[in-house]
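# Observations on the three-dimensional arrangement
What follows is each chain in one-letter form.
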Amino acid sequence: MMRKSRKESTAKLNQNGLTKRLLRLRVNGEVKEVATETNKTLLEVLREDLGLTGTKHGCELGECGTCTVLIDDEPVLSCLVLGVESEDADIVTVEGLMRDGRPHPLQRAFADLGATQCGYCIPGILLTSRALLDKNPHPTREQIREALAGNLCRCTGYTKILDAVELVVKGEVA
Amino acid sequence: MREKKFSVIGKPLRKVDALAKSTGDTRYADDLELSRMLYGKLLRSPLPHARIRGIKTDRAAKLKGVYAVITGADLPERFGIMPSTQDEEALAGEKVRHVGDPVAAVAASSEAVAEESLKLIEVDYEPLKPILSIEEALACTEESERIHAWNRRANIQKAVSFEFGDVVQGFAQADQIFEDTFFFQGNAHLPMEQHCALAQYGPEDKLTIWSSTQTPHYLHRALSKVLKLPMSRIRVIAAPVGGGFGGKSDPFSHEMCASKLAMITGRPVKFTLTREETFYVHRGRHPVKMWIRTGVKNDGTLQAMHFRSFLDGGGYSSYGLATVYYTGALQTVSYKLPVYKFEGVRVFTNKPPCGPKRGHGTPQPRFALEVHLDKIADKLGIDPVELRLKQLVEPDSITVNGLRVSTTGLRECIEKAAARAEWKKKFHQLPYGRGIGFAASAYISGAGLPIYWNGMPHSGVQIRLDRGGGITVFCGSTDIGQGSDSILAYVVAEEFGVDPADIRVVTADTDLTPVDLGSYSSRVTVMTGNAAIQACRKLKEMLFQVAGEALEVPVDDLEMAEGKVRSQSYPKRAISFAECVEKAETKFGTLGATGSYSPPKYPANYKGSGVGLTPAYSYSASIVELSCDPETAEIKVEKVWIAHDCGRAFNPLLVEGQSEGSVYMALGEALMEEQVFRKNGLHKFPSILDYKSPTTLETPEIETILIETNDPEGPYGAKEAGQGFLLPVIPAVANALFDAIGVRIDELPITPDKVLRALEGRLKPVSVPSFDFPPPIKWRPGEGVEVPQKS
């Protein structure tokens, strides 16, 4: 009855003799080399091979937005991209939002305004928000809503999340 | 203390874990990895109801990379959250009772190998007739049709009946009698984090488990029972929970299997459920059919009420024993009700088990009650807000079913919400297609009784002071995102006059922290807060004694503020908190103290009176404004106003956050979300894409109005602020829809197809089954009543 998961296909491919490959990934400004199965999603490579567990999984089917990372400044669902597809791209995860050891203004705003409750969806929401602000530093509340429509959060009712992004837009982060 | 101006309480501070959560530093259960770790997977039943004739696991066990395979025979001990309904097995022994019921578990070198091995397990099922609805369960009374063998009447888990006051006379005194039926569809918690457990068993024969659980203490007990290990050999650590909402409050199969497989293999074993599995593990909102009959005077005064609820429990009991009582308990605590009769029944069906979700058993009857009152107001030509305001329960009173109300801010909630929403200007005045609706509610601030009977505290806190002035707070409470770790830091910072950021909080680890019963029933702020205050005050006594001696100031003139212990009269006479701690340790030895909290004793003494009791009730009122396109029946919620009596807002940001999240969740339940099944017992939408929940685009602006009533039982006057907000929003949506387009939808969720059918006059009223309820337990206020006063 259970839907086939990504892992089943992984197992088959491995039995068919699919081997590991050395991937060269540019993650958070650092080049990382990792030997891993070619059918692994970027999400799996980040979490399992690179230990970047800040990127979370909510469905692994591209439905919830939780695993969002930035690839060349675009928010991308890392569960729908293979690691091998991500070579030669700039990948940013939540760990890479910090600057010089200081949290990004979005990270501070989310903390200051209570926009993180359980916090599980927050990495994906932060990265989607950063992609928005990089392109449009002064979005309206409606534009923020539109940009975040693919990131589900079950705790906050989105209100404090929208407030926090607006706070950064206004440049009012402490 | 209460007159004192607060330095921490009431301030919009950061949560203690807020930065870790926004930098990705927080390690949830599935982020943990141990060396030599194996991956576990469960084989789940594809059938809703079947006898297991046999299971063959040898092929799976031989697969390269598989370390162990277990079945029901390896974990025969039954468990369950409620002591009297222990009807769950880690792995099904003789029978499966819903699609997704686990039958075998494996531990393997990778998730992929584990999944591959599941296909090699052969289960010989003898299919049995599935029971998939309340009506079918009530009709299947033959012994051969039983889902469980232990319960007295086939497929009836629990039937209850109460009569408070003379019902016949109560209805006889009414001018008019109204009757309605309602259906609240089941729905899921859908936390963004899937359940996960990682277990490790060491050569010293001790088990450690990290789990995404809301109730580590109850899990501790259940593991001990199932694994047959003393509790002293088990350490349960609740990892930060990535969303709970009640869905991670039961002990689960994957926790038992991770532990057992770790014991067998001697290696750590991790189980992470898939999103699909979470829909089958469930424990979500019960589908409930309801019938309500109310007698009123012509001016709208309630004379008598008779309420019946029929709960679809799914395949196991879970919290259902409490849920069935909850569907009848809290109808009485918002409006004066002189006579009340309640009958409820929870049936077993071959679907994933239902359990507690935000509001546990009370959103369903609250939906029915508040829509029913809206209908009565409409028929009597009375403003629905006025109808409520004229008969609110008084503070310091006892309800007809023996519940003690201490403070109530419901009047202020209703009046402020109505004023902010411009109710008088809008009600019945908006153009066709736009409407405004109102509802109110009440909720508990923590269950008055523990899940298992015992006389011990519900919450314990231990505080340690070190020589540098450092403060560490230890408590079994479990932060599920609501901010319970921060609450501990705020309380202790307030008491010691220090910055909450300087306090370390250690929680939810059964080896390190005193028991707290868990994050359920909105109990944590009231219970841990009181326990923490008690621990702090024991230490303050010692600290004040040495500070008084050092400063030559009488102890009753001392205060702790701004990191100092100082004279209130001459604030310059002060020593730093750290220096004071050093002096106290010199005088008294190592510094530590404990505090604990147990709820007060309660007035009612009848069997079943334990559910609904609480130290204090929170109150809420909500107004919803929406539009509905009469052509497409698309509903757009424009704005929600919610006023909530939280006693005292420890941190208004966190309370508003709970409010906004509750309103959002309520709108999902009112308009979109449903956990429904096909005839073969399969979930119709076991994915996030198909199970529709609100996104940023469907979530409207939410205005929260906080009312503070300073309850004597709460820490600094605080009451519940986690679940109560959800309750009035759902009926307010239904009432607003009636104001907008003149049709009533008495069946949730309110989807466009139902609205269109109603507009065309084709929506049938909800049918309610007939059932022979047991004779009622009769109780009247005044019999054996003892109302304790807080000292």
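Residues numbered from 1 in each chain as written. Chains lettered and ligands numbered in written order. Predicted model: local features only at pLDDT ≥ 70, side-chain atom pairs only at ≥ 80, totals over all residues. Heavy atoms only, no water.

The secondary structure content of chain A amounts to six helices and five strands. Overall, chain A shows an N-to-C arrangement of helices and strands of α-β-β-α-β-β-β-α-α-α-α. For chain A, buried positions account for 59% of its 174 residues. Within chain A, residue pairs in contact and separated by at least 24 positions form 54% of the contacts whose partners lie at least 6 positions apart. (Helix = DSSP H or I, 4+ residues; strand = E, 2+ residues; numbered from the N terminus. Buried < 20%, exposed > 50% of the residue type's maximum accessible area, 1.4 Å probe, protein only. Contact = heavy atoms within 4.5 Å.)

The next subject is the confidence of the model for chain B. On average, residues of chain B score 96 in pLDDT, and 98% of them reach the 70 mark or higher. Scored below 50 in pLDDT, residues 785-791 of chain B makes 13 contacts in the model with residues more than four places away or belonging to other chains. (pLDDT = per-residue confidence, 0-100.)

Next up on the list: the domain arrangement of chain A. Residues and elements named next belong to chain A. What the domain assignment reports for chain A is domain 1 (20-97) and domain 2 (105-169). For domain 1 versus domain 2, the distance between C-alpha centres works out to 21 Å. Counting residues at the interface gives 16 residues for domain 1 and 14 residues for domain 2. Counting the surface lost from both domain 1 and domain 2, the interface buries some 1,400 Å², and carbon and sulfur atoms represent 60% of this. At the surface where domain 1 touches domain 2, the tally comes to one salt bridge. In this structure, Glu74 and Lys135 form a salt bridge, with 3.2 Å as the shortest nitrogen-oxygen distance. Put simply, domain 1 and domain 2 have five residue pairs in polar contact (both at pLDDT 80 or more) between them. Taken together, the residues of the side of domain 1 that touches domain 2 sort by class into seven nonpolar, six polar and three charged. (Domains from an automatic or database assignment. Buried area = accessible area lost by both parts, 1.4 Å probe. Salt bridge = Lys/Arg side-chain N within 4 Å of Asp/Glu carboxyl O. Polar contact = N/O pair within 3.5 Å; in protein donor to acceptor, adjacent residues only side chain to side chain. Nonpolar A, V, L, I, M, F, W, Y, C, P; charged D, E, K, R; others polar.)

All right, on to the interface of chain A and chain B then. If you look at the interface, chain A gives 53 residues, while chain B gives 63 residues. With a shortest N-O distance of 2.8 Å, Arg47(A) and Asp31(B) are connected by a salt bridge. Contributing elements (two or more residues each) for the side of chain A that touches chain B: α1 (6-15), α3 (105-112), α4 (122-135), α5 (141-147) and α6 (159-169) of chain A. If one sorts the elements of the side of chain A that touches chain B by residue count, α1(A) sits on top with six residues. Looking at the side of chain A that touches chain B, its residues break down into 22 nonpolar, 16 polar and 15 charged.

Okay, the nonpolar core next. Counting residues in hydrophobic clusters, the biggest one holds 162 residues, and the most contacted among them are Phe110(A) and Ile750(B). Among the elements that make up this core, the one with the highest residue count is helix α18 (residues 726-741) of chain B (11 residues). When sequence neighbours within four positions are dropped, the list of residues in contact with Ile750(B) reads Ile635(B), Ala670(B), Leu671(B), Val733(B), Ala734(B), Leu737(B), Ile745(B) and Val755(B). Membership of the second largest hydrophobic core comes to 48 residues, among which are Leu488(B), Ile533(B), Leu558(B) and Tyr716(B). (Core = buried A, V, L, I, M, F, W, Y, C linked by side-chain atoms within 4.5 Å.)

Turning to the sheet that holds strand β15 (residues 340-347) of chain B, a few remarks are in order. All names here are of chain B. Taking strand neighbours across the sheet as the criterion, the seven strands line up as β29-β8-β13-β14-β15-β7-β30 in an open arrangement whose pairing is mixed. Each of the sheet's edge strands pairs with one partner strand only, and the pair in question is β29 (747-748) and β30 (777-779). Summarising the sheet, strand β7 (residues 156-164) and β15 pair through eight bridges and their orientation is antiparallel. Counterpart to Val160 in the pairing with β15 is Gly344. (Pairing = 2+ DSSP bridges.)

Residues and elements named next belong to chain B. Following the criterion strictly, the structure yields eight cavities of 30 Å³ or more and no others. If you add up the space inside the largest cavity, you get close to 160 Å³. Lining the largest cavity are 17 residues, and of these Glu88, Asp101, Pro102, Ser253 and Arg283 sit closest to its centre. Its residues placed into classes, the lining of the largest cavity shows nine nonpolar, three polar and five charged. The computed volume of the second largest cavity comes to approximately 90 Å³. If you go around the second largest cavity, the residues you meet are Ala188, His189, Leu190, Pro191, His195, Gly247, Arg275, Thr278, Phe279 and His282. Grouping the constituent residues of the lining of the second largest cavity by class yields four nonpolar, five polar and one charged. (1 Å grid on protein atoms, 1.4 Å probe; cavity = no way out; pocket = protein on both sides within 12 Å on 5 of 7 lines; lining within 4 Å. Points joined across faces, edges and corners; volume = space filled by probe spheres on them.)

Attention now moves to the side chain of Arg47(A). For Arg47(A), the location among the structural elements is in helix α2 (residues 42-49). The exposure class assigned to Arg47(A) is buried, which follows from its relative accessible area of 8%. In this structure the side chain of Arg47(A) is engaged in a polar contact, spanning 2.9 Å, whose partner is the backbone oxygen of Thr55(A). If we skip the residues at most four places from it in the chain, Arg47(A) touches Leu52(A), Thr53(A), Thr55(A), Lys56(A), His57(A), Asp30(B) and Asp31(B).

When you tally the buried positions in α3(A), you get seven out of eight residues, the bulk of the element. For α3(A), every residue scored as buried is listed here: Leu106(A), Gln107(A), Arg108(A), Ala109(A), Phe110(A), Ala111(A) and Asp112(A). Its buried side turned inward, α3(A) meets α4 and α6 of chain A together with α1 (18-23) and α17 (652-671) of chain B. Immediately beyond the C-terminal end of α3(A), within one or two residues, lies Gly114(A), with a positive phi of roughly 70°.

For the rest of this paragraph, the subject is the packing of helix α6 (residues 216-227) of chain B against helix α7 (residues 253-265) of chain B. All names here are of chain B. Axis separation between α6 and α7 bottoms out at 10 Å; the angle between their running directions is 50°. For the element pair α6 / α7, the angle class is oblique. Between α6 and α7 lies a crossing whose hand is right-handed. The residues of α7 that touch α6, namely those facing Leu219, Ala222, Leu223, Val226 and Leu227, are Glu255, Met256, Ser259, Lys260 and Met263. Of the residues in the contact of α6 with α7, the class split is seven nonpolar, one polar and two charged. (Axes fitted to C-alpha atoms, helices over the stretch in contact; angles between N-to-C directions. Parallel < 35°, antiparallel > 145°, perpendicular 65-115°, else oblique. Left-handed = near helix turned anticlockwise from the far one by under 90°.)

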